[in-house]
Amino acid sequence: MDTITTTGGATTTGGAAIEETDRLIASDKVEGTAVYNRQDEHLGAVHNFMVDKSTGRVAYAVMSFGGFLGMGKSYHPLPWRVLNYDTQRGGFVVDLDRSRLEKAPTYTAENMPNWSDRTYGNRVDEYYGMSPYWGMI
């Protein structure tokens, strides 16, 4: 059994970082992190994020929104660049009010987007006033 130690600011188990440092965080700690708007309304939580396999850059955070007991939940892809981590809130903040979020590109588990189609990504990026993430390579 591996022991948990702290080295260089990161919590480790058998040499693998499982927590975070001042600059890096494990993906499982990002998933579930709350998302707020500037009015301090809780909008949802990070469900997962989409990583470009070629560059290693995070392209989108997929935020879960609404629903009850997993029913009726929708997912909103947000360009990673619109999220700002707020240490005081312990979550991400976006410059987005609830009514604008409700009009944003969204999907449910029953109608997943085609992430391979850059047209979908363009639509998401344009909605948030961002250039496509692949143009930043």
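Quick look at the structure, then. The shown structure was predicted, so the numbers you read here are calculated from the model rather than taken from an experiment.

## Things to note about the overall build of the chain
Along the backbone of the chain there are three helices and nine strands. In sequence order, the secondary structure elements of the chain are arranged as β-β-β-α-β-β-β-β-β-β-α-α. Counting across all 137 residues of the chain, residues that qualify as buried make up 34%. Of all intrachain contacts in the chain linking residues separated by at least 6 positions in sequence, the fraction that spans at least 24 positions is 41%.

## A closer look at helix α3 (residues 118-127)
Along α3, the positions that sit buried rather than exposed are Y120, G121, V124 and D125. What you see down the axis of α3 is that its buried residues fit within an arc of 130°, all on one side. Seen from the buried face of α3, the exposed residues on the opposite side, beyond 90 degrees, are T119 and E126. The N-terminus of α3 is capped by D117, whose side-chain oxygen sits 2.9 Å from the backbone nitrogen of T119. Positive phi appears at G129, one or two residues downstream of α3, with a value of about 70°.

Each value, and the rule that gives it
Residues numbered from 1 in each chain as written. Predicted model: local features only at pLDDT ≥ 70, side-chain atom pairs only at ≥ 80, totals over all residues. Heavy atoms only, no water. Helix = DSSP H or I, 4+ residues; strand = E, 2+ residues; numbered from the N terminus. Buried < 20%, exposed > 50% of the residue type's maximum accessible area, 1.4 Å probe, protein only. Contact = heavy atoms within 4.5 Å. Arc of directions from axis to C-beta. Polar contact = N/O pair within 3.5 Å; in protein donor to acceptor, adjacent residues only side chain to side chain.

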